Amino acid sequence: MSRAVIVAVVAAIGNLLHGWDSATIAGAALYIRREFQLENTPTIDGLIITMSLVGAALITTCSGALADWWGRIPMLILSAVFNILSGLLMLWSPNIYVLLLARLVEGFGVGLALTLVPLYISEMTPPDMRGLLNTLPQFVGSGGMFISYCMIFGMSMLESPSWRLMLGVLSVPSAIYLILIICFLPESPRWLVRKGRMNEAKEVLQIVSGKENVHGEMALLVEGLGVGTDISLHKYIIYHADDCADELDLSNEGGKIKLYGHEPEVSWVARPITGQSSLAVRSLYGSVGNSNCGPSVDPLVALFRNIHNRFPETGSMQSTLFPHLGSMFSVGGNEQRNVEEWDEESLAIEGDEHPSDDHGDSDDNLQSPLISREATRTEKGFDETMPSQGTNYSTGQGSFMRETREHVAPGGIGGGWHLAWKCSERDASDGKKQMEFQRFYFHLEGPLGTFQGSTMSISGVSWDASGDVGPAKAVALVSGPAICSEGLIYHSPVGPSVAQPSEVAVKGLSWWDLTEPGVKHALVVGVSIQLLQQFSGINGVLYYMPQILERAGAGTLLLDLHITSSSASLLVSAIATLLMLPSIAIAMRLVDISGRRSLLLATIPAFVISLGILILSSILNLGSTVRAATYVISILLYIFFFVMGFGPIPNILCSEMFPTRVRGVCVALCGLAFWVGNLLVSYVMPVMLKSAGLAGTLGLFAIISVISWVFIFIKVPETKGMPLEVIAEFLSLGAKKAKDK
């Protein structure tokens, strides 16, 4: 996992530049205001702060489309170049107009980084560590703020502090970031697959995962190009196709489904769970409307909650039943068995040749099937019979799962989820046989040994579940595969198994894709949570913290140091940003354990209380020392709890909820909401401080924070530990089910 961590750390340095900018402009503004005499012109004063936000909002409007067209890495390189240029302009700045231009250019760089860094990290890291590694940008950004405040504090002790030098130093870390991007960051394999550059995607996966066999990862990424059609949720008993032939009466073919993995000669049998009403509990569908989340909670949120309740140890349940499914950037150092490499030259499958068009820049191996060649043989007698909804079983302890310290079987595509396909024949309208594929994302729910008693019936077949090895229960998302749509097969068929990934990419992005129920729901959640985050006031407090502390008399706490009030406020600001780091470290530890939603719901009330204390201390007639101390402690607590939850999690959620085809555009739209909210708060805050006072301004922030908590409780689903592709499938399924109610 060291490679994935290195990639995430290097990418996160882009947020260091944002933190650096936030701190330097907050400190330098004290001296800019004096030089240009802006004390009585709060509009211009606010414009200096917000000009970078204007640039960030402008560039974000097109950053998603550019990132989808040009790639993630070129856009990160461009962000570093913008920051270098802006630093040089601010170092020169002969007048207020050049300064405003430099701040605009800096906004271009910061906007690109903050939009694309979470997206890039989400696409490069495994599900079990995605939250932790996607919290790194917040950690690094806070570290950048601390370093910057320390630098500005040191400069403020000089006889003539230079705000130009304070701002111009930004060019140095920006140049370092540019070098690191070029040297260490590969392009996102999901973007490469979307563009049909399969060889490059395979090489990146091998580098990041540290293994040669990445067939499963490649299949998952191609399936992630689109959300499946006709998604439904079912429950099965799954076992190896060649296991237990003696025990099971295979002549009873009703309900049996043959599933194929991404490896050659690996297949399973899935059978619907039936006839177990005495052990049934309410199904996932049935519990959506009656979840213990509460009657007002969005049904989609309830669906995700029930999934996580069903699999509390997400990603930890791994079975010897699936020894050949390699996990996406597998955390474990499991031995990978040697398998046949992809056939990069031949299109022949089972002796049939299928011609293919030349697609220019597409790699030769685009014509290779992602499903095992064995999957192209239609299994006679394995007809599809879907189980009824509303069946579920209690889980307990069993001996079927085998996990030891020495060897843990790979976990499929991550988070305990697995990917397989069903291939069958059906009669077409013209009387001819037609190939039909279905995709299965399934999660093991527990061994059969957890059922009460040692004997049970599977589709009418008696099975002894008391042994150490046997079939396993599973919950499966069943849908039409993205790589095998009917239109693509007839457009340019490549054998009876799958369509070319390049053909999926050629379709491109349609704005109608944003109206798909799951995408639309995710957009509403992502845009809303970004706006609410900003309207809760964090960036306004950070930008104007030195001024707030200076007004509160923070300098009285440091009289013995014989420093000016401006320097004292900068020192307190540096201490405040330093205390962010342990808070974010706690968030990094909890975000993949307690989850995104739980962390938000726990931390928002804490920083609302801190805002309340700030409001009271500004209203009550306290002594100067007590008032200053209360301000400092309250601001520290507010920042501590904010950056533990509401700081990093909105960006994490926005980078997780969208399918690959629309992820760049949708993340950019969410980023635009972030910058618009940031811009509004930062621009109007000096005006609000002057008109409504500190108590009125903070009171408004507290009210919006309470509204944020209610919105999160009702609308925001839990996405921890799930592969990006599975999250998109569940969002689509849940949104459609809610729409049909």
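Since the model is a prediction, treat every value here as computed from it, not as a measurement.

1. Some details on empty space enclosed by the protein
Following the criterion strictly, the structure yields 8 cavities of 30 Å³ or more and no others. Each pocket or cavity is described by its volume, and for the largest cavity that value is around 350 Å³. Lining the largest cavity are 24 residues, with Asn15, His18, Gln138, Asn539 and Gly647 positioned closest to its centre. Elements that contribute at least two residues to the lining of the largest cavity include exactly helix 1 (2-35), helix 4 (96-124), helix 5 (127-156), helix 15 (517-535), helix 16 (538-551) and helix 19 (624-644). When residues of the lining of the largest cavity are assigned to their parent elements, the largest contribution, 6 residues, is made by helix 5. Here the lining of the largest cavity is built from residues that sort into 11 nonpolar, 13 polar and no charged. One number sums up the size of the second largest cavity: a volume of about 100 Å³. Lining the second largest cavity are 13 residues, and of these Leu114, Thr115, Gln530, Asn651 and Gly671 lie nearest its centre.

2. Structural notes on the pairing of strand 3 (residues 267-272)
Burial within strand 3 is extensive, with 6 of its 6 residues counted as buried. Residues Ser267, Val269 and Arg271 point to one face of strand 3 and Trp268, Ala270 and Pro272 to the other, with burial holding for every one of them. Summarising the sheet, strand 2 (residues 257-260) and strand 3 pair through 4 bridges and their orientation is antiparallel. Bridging across to strand 3, Ile257 finds its partner in Ala270.

3. Details of unusual backbone geometry
Despite not being glycine, Ser93 has its phi angle at roughly 25 degrees, a positive value. Inspection of the secondary structure assignment puts Ser93 in the loop between helix 3 (72-92) and helix 4. Given the relative accessible area of 0%, Ser93 is considered buried.

4. Describing the packing of helix 3 against helix 4
The description of two packed helices rests on the angle between their axes and on the distance between the axes. At a minimum axis separation of 8 Å, helix 3 and helix 4 run at an interaxial angle of 155 degrees. Classified by the angle between their axes, helix 3 and helix 4 sit roughly antiparallel to one another. The interaxial crossing formed by helix 3 with helix 4 has left-handed handedness. Tallied by class, residues from the contact of helix 3 with helix 4 come to 21 nonpolar, 4 polar and 4 charged.

5. Remarks on the nonpolar core
Among soluble globular proteins, nonpolar side chains are generally buried collectively. If you look at the biggest cluster of nonpolar residues, it comprises 167 residues, and the most contacted ones within it are Ile32, Leu185, Trp417, Ile639, Phe646, Phe658 and Phe730. The element best represented in this core is helix 1, accounting for 18 residues. Those residues in contact with Phe658 that lie beyond four places of it in its chain are Val519, Ala522, Leu523, Arg663, Cys666, Val667 and Cys670. Within the second largest apolar cluster, 14 residues are counted, among which are Ile257, Leu259, Ala270 and Leu444.

6. Points about the packing of helix 18 (residues 596-619) against helix 22 (residues 693-715)
One way to put it is that helix 18 packs onto helix 22 with a least axis distance of 9 Å and a crossing angle of 165 degrees. One way to sum up the angle between helix 18 and helix 22 is to call them roughly antiparallel. As helix 18 runs across helix 22, the sense of the crossing is left-handed. Of the residues in helix 22, those in contact with Arg597, Leu600, Leu601, Ile604, Pro605, Phe607, Val608, Leu611, Leu614, Ile615, Ser618 and Ile619 of helix 18 are Leu694, Ala695, Leu698, Gly699, Phe701, Ala702, Ser705, Val706, Ser708, Trp709, Ile712 and Phe713.

7. Describing helix 12 (residues 299-310)
Taking 1.5 Å of rise per residue, the 12 residues of helix 12 would be expected to cover 16 Å, and the 16 Å separating its terminal C-alpha atoms lies within 8% of that figure. For helix 12, the buried fraction is high: 9 of the 12 residues fall into the buried class. At the N-terminal boundary of helix 12, the capping side chain belongs to Asp298, with an oxygen 2.8 Å from the backbone nitrogen of Leu300.

8. Comments concerning the environment of Thr24
Here Thr24 is to be found in helix 1. Since its relative accessible area comes to 2%, Thr24 is described here as buried. For the pair Thr24 and Cys150, spaced 126 residues apart in the sequence, the C-alpha separation amounts to 9.9 Å. When near neighbours in sequence (up to four residues on either side) are disregarded, Thr24 contacts Ser148, Met151, Ile152, Met166 and Leu167.

How each quantity is defined
Within any chain, residue numbers begin from 1 and follow the written order of that chain's sequence. Local features in this predicted model are restricted to residues whose pLDDT is 70 or higher, and side-chain atom pairs enter the listing and the counts only when it is 80 or higher, whereas totals over whole chains, interfaces and linings include all residues. Note that water and hydrogens are dropped before the side-chain values are worked out from all heavy atoms of the structure. Put simply, the grid is 1 Å and covers the protein atoms alone, a cavity is a trapped set of points that fit a 1.4 Å probe, a pocket is an open set with protein on both sides within 12 Å along at least five of seven lines, and lining residues have an atom within 4 Å of a point. Grid points are joined across faces, edges and corners, and a volume is the space filled by probe spheres set on the points. Helix and strand assignments follow DSSP, with helices taken as H or I runs no shorter than four residues and strands as E runs no shorter than two, numbered in order from the N terminus. In this classification, the charged set is Asp, Glu, Lys and Arg, the nonpolar set is Ala, Val, Leu, Ile, Met, Phe, Trp, Tyr, Cys and Pro, and all remaining amino acids, among them Gly, are polar. In this scheme, a residue with accessible area under 20% of its type's maximum is buried, one over 50% is exposed, and one in between is partly exposed, where area comes from a 1.4 Å probe on protein chains only. Between any two strands, pairing holds if DSSP finds at least two bridges. Only C-alpha atoms enter the line fits that serve as axes; for helices the fit covers just the stretch in contact. Angles between N-to-C directions range over 0 to 180 degrees. Angle categories: roughly parallel below 35 degrees, roughly antiparallel above 145, roughly perpendicular from 65 to 115, and oblique for all the rest. We call a crossing left-handed when the near helix sits turned anticlockwise from the far one by less than a right angle, and right-handed when that turn is clockwise. For our purposes a nonpolar core is just a set of buried Ala, Val, Leu, Ile, Met, Phe, Trp, Tyr and Cys residues, chained together by side-chain atoms within 4.5 Å. Note on contacts: a residue pair qualifies if any of its non-hydrogen atoms lie within 4.5 Å across the two residues. In this scheme, a helix's expected span is set at 1.5 Å multiplied by one less than its residue total. Under the rule applied, a polar contact is a pair of N or O atoms within 3.5 Å (in protein, one hydrogen donor and one hydrogen acceptor; residues adjacent in sequence only if both atoms are side-chain atoms).

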